[in-house]
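Overview (structure and organization)
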Amino acid sequence: MFFVGGGLALLFRWQLAYPEKPLPIIGASQQYLDEGEVVTGADRMWEKIYESEQEEWLEVNMPSGVVEPAFYNMLFTMHATIMVFFVVVPILVGAFGNFLIPLMIGTRDMAFPLLNMISFWLAVLAAIIMTVGFFVPGGHAAAGWTGYAPLSSDPQWTGVDWGQNLWAISLLIQGFSSMVGSINYITTIINMRAPGMTFFRLPLVIWSLFIVAILLLLAFPVLSSALALLIFDRLAGTTFFSATAEGGGDPLLWQHLFWFFGHPEVYVLILPGMGIASELIAVFSRKPIFGYRSMVYAMISIAFLGWIVWGHHMFQSGMQPGLGSVFMTTTMLIAVPSAIKTFNWLGTMFRGSIRFTAPMLHGIAFVSMFVIGGLSGIYMANTPVDIFIHDTYYIVAHIHYVVFGGSLFAIFGGIVFWFPKMYGRYMNDVLAKIHFWLTFIAFNCTFFPMHILGVGGHMRRISNPMQYEFLQGFEGMNIFISMSAFTLGFAQLILVFNFFWSMYRGKVAEQNPWQVNTLEWEAPTPVPHGNFVQIPTVYRGPYEYSVPGEESDWISQAQPEHAPATSGD
Amino acid sequence: MSSGDHERFAPRWYRPRRLAVFGVIAVLFLLTAACSQGIQSTWDPIGPVAQKQLQLFEVLVWTMVIVFVLVEGALIYIVIRYRRRPGQPRPPQIHGHTALEVTWTIVPTVLILGLGIWSVFTLFELDQPPTDQGEILEVTVTGHQWYFEFEYADADGNGKLISTANDLRIPVDRPISLILESDDVLHSFWVPKLGGKVDVVPTRQNTMWLMADSDLIEQQLPATYYGQCAELCGIAHAQMRFRVTVMSEEDYHGWVREYSPPPALTPRA
């Protein structure tokens, strides 16, 4: 029941997110087109297509096809909000979590099936509310996905009224969805593992989901509180984040609360991706994961350190250098477990027998792009350097390298990999690889130049950079980025098409088409209600590939012929 | 189990092509990594704050480039060298390697702590204006939606009050101590060529210092540089920029002398 729910959530989130994705770039590129007087063709197109009241909306927000600054502010706000809260977390944690956890730990269902359904429907409700925000007068939230007060806490500063309120309410509900889901995941993983499935025989993706569930459970209450305070400020006249000293409020409070949640949140975005990458890399190198226990401890360290670095988002808020130094040190230290994981992935592939299947390509891309994102993070961790690059496109480049280059490639890889388990068919291999290459190339062309923009002084969140004399030299680069971004966006249609087409016309797959050890492949396909015909007993770790003396190069975790092996480290 | 594998797990013709693509991408990376010479570029500071930031930045660039080349290079090598080929023996069972793992834990930690300590020193240095580089000029900066207001409480040493909008004039070779406030929402004060960036937060006073160094400025004075608001502050955030004009000491005093506040408007009777 819930793996189908997971699959549906995946599709639902997909539709919701993709219309948003190109928009901030469209806004920017239309500005540039406008400077060059090329916009008349777009004029005519808009008029022809939208003849009803939609045109009026366009007139207000995009007169002559040009994006107004207020509209632009809304676009990047909603792009980020939707991608973070309604795409990456629902797919990685919601969809993959629901689908993989019971199957991979060898149990029939989640610990609390009804609670799980509640979690799903709360997320749907949150998404509906978020969508409604687009249609209210004043437009949707426009204070950035970070929603800094007092810009966000008083409608007079942005002109956005109910949009921002709905934004806050929606995220509050989404928070409950995550928290409730987390309770389920934690309980299920602790209590419902199949006989023989010790903690150190869990696949790394399950470890990552377990850790992420704990992070979400502890972090979301802070965001929920901040959102509640924000709603009170906006609707009940309180002054928690007030811009004036009279009410006793402090705008910095919002930043602390938001980032205390926000930093663990970004580790939530990356950790399951790391888990998926570990699966893909071990399976397609036909070799055990290098350093299984270190991988687990590294994920735990990242999660733990993630709680004490939030100040690095606030280095420029007027922080004393002593405090800045503390946050700088803890932030730089997070690079160490991340580096350990990277070396371990390399170590897994080293002397392996690498098969370049579509999922593996994504796994390798994950590692390489995560390295870039991680390295750029070191610059930002460094407070004096961050003084320059804070709030520039350098930050945008970093964010996208880790979330897109990291999490999203892991998601794509995971989808292609587990598709045969979900639907009993392969996704079309040629299309999957074309999608991969187009995405990989377009992604790098879009986001790598942003490092250069940032270092050159190009700020974030500005609707028209060309009015600044010193940014005019970057016009060419901005156009290149926009064109690459369009390509990137359209390339995703290949995946969407492949997904739906393969559900009906894909090549039929046998039960364990990739020859994988983990338990989910023991269940029949399509997975029935109750998952397994018989609950398996686990005899070995998840990464026993190419064991000498065995006939095949893989052994299912549930296969009993030999004495139980030591856990995979 | 192994028949039909080969076909499923990547046909041979595939591999040389992916090497070529990797190669092309690698070259593109290196090309695009070339320094940009934008006007506001960080590579061209005109003041000690920006200069110290740049020094640290350069150290990081070199370190990270080396790490990048090593790690991505290792990745590319491994991916090519250990691709599946027919007739290969099975991969060995390597579950870990303690000595290697300890090394690659300690080395990054040491490297990072080293960089961190250097940065801490720089951070403290950048926090307070130097007291031995000339008389400190104090200016109060107030962020508004959507302009910066500059108030000199004592522009000429005799208590003259000056107030400008989006127009910061400073004498060269003297530290300028800024007190930053906001009238409404968060803004952020940033002059890239001079360095330093601090948010202006309503209900708070933040501080920052700048200095224009005549040794670093290539043009004739007075020279104009740009600053911009670097924190989303509403609809016209993108339009919120200001100019910083660096003048010689005499020119600066000349400007102060000639400055007179705009006449107060008297209401009609």
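Definitions and limits used
- Residues numbered from 1 in each chain as written.
- Chains lettered and ligands numbered in written order.
- Predicted model: local features only at pLDDT ≥ 70, side-chain atom pairs only at ≥ 80, totals over all residues.
- Heavy atoms only, no water.
- Helix = DSSP H or I, 4+ residues; strand = E, 2+ residues; numbered from the N terminus.
- Buried < 20%, exposed > 50% of the residue type's maximum accessible area, 1.4 Å probe, protein only.
- Areas by Shrake-Rupley, 256 points an atom, 1.4 Å probe, with all protein chains shown as cover.
- Contact = heavy atoms within 4.5 Å.
- UniProt positions renumbered as here; feature names shortened; annotations may be inferred.
- Pairing = 2+ DSSP bridges.
- Axes fitted to C-alpha atoms, helices over the stretch in contact; angles between N-to-C directions.
- Buried area = accessible area lost by both parts, 1.4 Å probe.
- Salt bridge = Lys/Arg side-chain N within 4 Å of Asp/Glu carboxyl O.
- Polar contact = N/O pair within 3.5 Å; in protein donor to acceptor, adjacent residues only side chain to side chain.
- Expected span 1.5 Å × (residues − 1).
- Patch = residues over 30% accessible without salt bridge, like charges linked within 9 Å, V, L, I, M, F, W, Y side chains within 5 Å.
- Phe/Tyr/Trp six-rings, centres within 6.5 Å; stacked < 30°, edge-to-face > 60°.
- Lys, Arg positive; Asp, Glu negative; His and termini not counted.
- pLDDT = per-residue confidence, 0-100.
- Core = buried A, V, L, I, M, F, W, Y, C linked by side-chain atoms within 4.5 Å.
- Parallel < 35°, antiparallel > 145°, perpendicular 65-115°, else oblique.
- Left-handed = near helix turned anticlockwise from the far one by under 90°.
- Nonpolar A, V, L, I, M, F, W, Y, C, P; charged D, E, K, R; others polar.

**Points about the overall build of chain A**
Broken down by element type, chain A carries 17 helices and zero strands. When burial is assessed residue by residue, chain A has 69% of its 569 residues classed as buried. Accessible area of chain A: about 17,800 Å², with a carbon and sulfur share of 67%.

**With respect to the overall build of chain B**
On a plain count of helices and strands, chain B comes out with five helices and 10 strands. For chain B, the share of sequence-separated contacts (at least 6 apart) that also reach a separation of at least 24 residues comes to 66%. Accessible surface, chain B: about 13,300 Å² in total, of which carbon and sulfur atoms supply 60%.

**Quick look at the UniProt feature "transmembrane region" (unreviewed entry) in chain B**
Residue and element names in this part refer to chain B. Within the UniProt annotation, "transmembrane region" (unreviewed entry) is assigned to residues 60–80 and 101–121. With 100% helix and 0% strand, the stretch residues 60–80 has end C-alpha atoms that lie 29 Å from each other. Counted over residues 101–121, helix gives 100% and strand 0%. Its end C-alpha atoms are 31 Å apart.

**Quick notes on the sheet that holds strand S8 (residues 206–210) of chain B**
Residues and elements named next belong to chain B. Pairing within the open sheet is mixed, and its five strands lie in the order S3-S2-S1-S5-S8. Bordering the open sheet on either side are strand S3 (162–165) and S8, each of which pairs with just one other strand. Neighbour-to-neighbour, the strand axes of this sheet turn through a mean angle of 25°, independent of strand direction. Relative to S8, strand S5 (residues 176–182) is paired through five bridges, and the arrangement is antiparallel. Following the sheet pairing, Ile 179 is matched in S8 by Thr 207. Packing of helix H5 (residues 249–258) onto the sheet brings it into contact with strand S1 (137–144), strand S2 (147–152) and S3, and relative to S3 it is tilted by some 100°.

**Quick notes on the interface of chain B and chain A**
At the junction of the two partners, chain B supplies 90 residues and chain A supplies 116 residues. Between chain B and chain A, the buried area comes to about 9,300 Å², and carbon and sulfur atoms account for 68% of it. Considering only the surface of chain B that becomes buried against chain A, Arg 90, His 95 and Leu 232 of chain B emerge as the three largest contributors, covering 8% of it. Counting the contacts that link chain B with chain A gives one salt bridge. Glu 231 of chain B is the partner of Arg 461 of chain A in a salt bridge, and the nearest nitrogen-oxygen pair spans 4.0 Å. Joining chain B to chain A, the criterion identifies 19 residue pairs in polar contact (both at pLDDT 80 or more). Residue assignment for the side of chain B that touches chain A shows that the elements contributing at least two residues are helix H1 (5–8), helix H2 (14–32), helix H3 (48–81), helix H4 (98–125), strand S7 (197–200) and strand S9 (223–229) of chain B.

**Things to note about helix H16 (residues 429–455) of chain A**
Residue and element names in this part refer to chain A. Taking 1.5 Å per residue as the helical rise, H16 with its 27 residues ought to reach 39 Å, and the 40 Å between its terminal C-alpha atoms agrees with that figure. Of all 27 residues in H16, 21 are buried, a share of seventy percent or more. Its side-chain oxygen placed 3.0 Å from the backbone nitrogen of Val 430, Asn 428 serves as the N-cap of H16. Gly 457 lies just past H16 and shows a positive phi near 100°.

**Examining a nonpolar patch on the surface**
On the surface, a nonpolar cluster with roughly 430 Å² of combined accessible area is contributed by Leu 114, Met 117, Ile 118 and Trp 121 of chain A. Here Trp 121 of chain A falls in the exposed class, since its relative accessible area comes to 52%.

**Points about the packing of aromatic side chains**
Counting across every chain of the model gives 63 aromatic pairs over all chains. With a centroid separation of 5.0 Å and an interplanar angle of 80°, the aromatic rings of Phe 388 of chain A and Trp 190 of chain B are classed as edge-to-face. Taken as a pair, Phe 388 of chain A in helix H14 (residues 383–389) and Trp 190 of chain B in strand S6 (residues 187–190) lie in two separate chains rather than in one. The class of Phe 388 of chain A is buried, set by a relative accessible area of 5%.

**Considering the environment of Thr 203 of chain B**
Tracing the backbone shows Thr 203 of chain B in the loop between S7 and S8. Sequence spacing of Thr 203 of chain B and Val 185 of chain B is 18 residues, and the spatial spacing of their C-alpha atoms is 9.9 Å.

**Examining the sheet that holds strand S10 (residues 241–247) of chain B**
Residues and elements named next belong to chain B. Taken together, five strands build an open sheet; the order of strands is S4-S10-S9-S6-S7 and the sheet is mixed. Of all the strands in the sheet, just strand S4 (167–171) and S7 have a single pairing partner and so form its edges. With direction set aside, neighbouring strand axes in the sheet form an average angle of 25°. Two strands pair when backbone bridges link them, and S6 and S7 are joined in this way by four bridges, in the antiparallel orientation. Bridge pairing links Trp 190 to Lys 197 in S7.

**Quick look at the side chain of Arg 460 of chain A**
Along the polypeptide, Arg 460 of chain A turns up in the loop between H16 and helix H17 (475–505). Although Arg 460 of chain A is buried, it makes no salt bridge; Asp 391 of chain A carries the closest opposite charge, 4.4 Å away. Residues in contact with Arg 460 of chain A, not counting those within four places in the same chain, are Asp 391, Thr 392, Tyr 393, Ile 395, Val 396 and Ile 399 of chain A together with His 237 of chain B.

**Structural notes on the UniProt feature "domain: Cytochrome oxidase subunit II copper A binding" (unreviewed entry) in chain B**
Under the present numbering, the feature "domain: Cytochrome oxidase subunit II copper A binding" (unreviewed entry) in UniProt falls on residues 134–258 of chain B. As annotated, residues 134–258 of chain B has a helix share of 8% and a strand share of 46%, and its two end C-alpha atoms lie 23 Å apart.

**Here we look at the confidence of the model for chain A**
Residues and elements named next belong to chain A. Overall, the prediction assigns chain A a mean pLDDT of 82, with 86% of residues at 70 or greater. Mean pLDDT in chain A bottoms out at helix H2 (residues 23–35), which sits at 36, and peaks at helix H11 (residues 292–305), which reaches 95. For the stretch residues 1–55, pLDDT sits under 50, and the model shows 93 contacts to residues farther than four places along the chain or on other chains.

**Focus: unusual backbone geometry**
For the bond running from Ala 149 of chain A to Pro 150 of chain A, omega is -5°, close enough to zero to count as cis. Mapped onto the fold, Pro 150 of chain A is located in the loop between helix H6 (113–132) and helix H7 (155–158). Cis rather than trans, the peptide bond between Gln 145 of chain B and Trp 146 of chain B has omega equal to 5°. Assignment of secondary structure puts Trp 146 of chain B in the loop between S1 and S2. For Asn 531 of chain A, which is not a glycine, the phi torsion comes out positive at approximately 65°. Examined against the element boundaries, Asn 531 of chain A turns out to sit in the segment after H17. Among the residues examined, Asn 531 of chain A registers a relative accessible area of 3% and is labelled buried.

**Quick notes on the nonpolar core**
Of all hydrophobic cores here, the largest spans 255 residues; its most connected members are Trp 207, Met 349 and Trp 418 of chain A together with Tyr 152 and Phe 189 of chain B. With 25 residues, the top contributor of residues to this core is helix H5 (residues 69–105) of chain A. In contact with Met 349 of chain A, other than residues within four places in its own chain, are Ile 281, Ser 285, Ile 354, Met 360 and Ile 364 of chain A together with Leu 75, Ile 78, Val 79 and Tyr 82 of chain B.

**A closer look at the packing of helix H10 (residues 251–285) of chain A against helix H13 (residues 358–381) of chain A**
Residues and elements named next belong to chain A. Relative orientation of the contacting elements H10 and H13 amounts to 130°, with a least axis distance of 9 Å. Taken together, the axes of H10 and H13 lie oblique to each other. Crossing geometry of H10 relative to H13 is assigned as left-handed. Contact with H10, carried on its side by Ile 270, Gly 273, Met 274, Ala 277, Leu 280, Ile 281, Phe 284 and Ser 285, involves Pro 359, Met 360, Gly 363, Phe 366, Val 367 and Phe 370 of H13 and no other residues of that element. Partitioned by chemical class, the residues of the contact of H10 with H13 number 11 nonpolar, three polar and no charged.

**Let's talk about the pairing of S2 of chain B**
The two faces of a sheet get side chains in turn, since along a regular strand they alternate between them. All names here are of chain B. By the bridge criterion, six bridges tie S1 to S2 in an arrangement that is antiparallel. Across the sheet, the residue bridging to Thr 142 is Glu 149, located in S2. Note: S2 against S3, four bridges, orientation antiparallel. If you follow Glu 149 over to S3, its bridge partner there is Ala 165.

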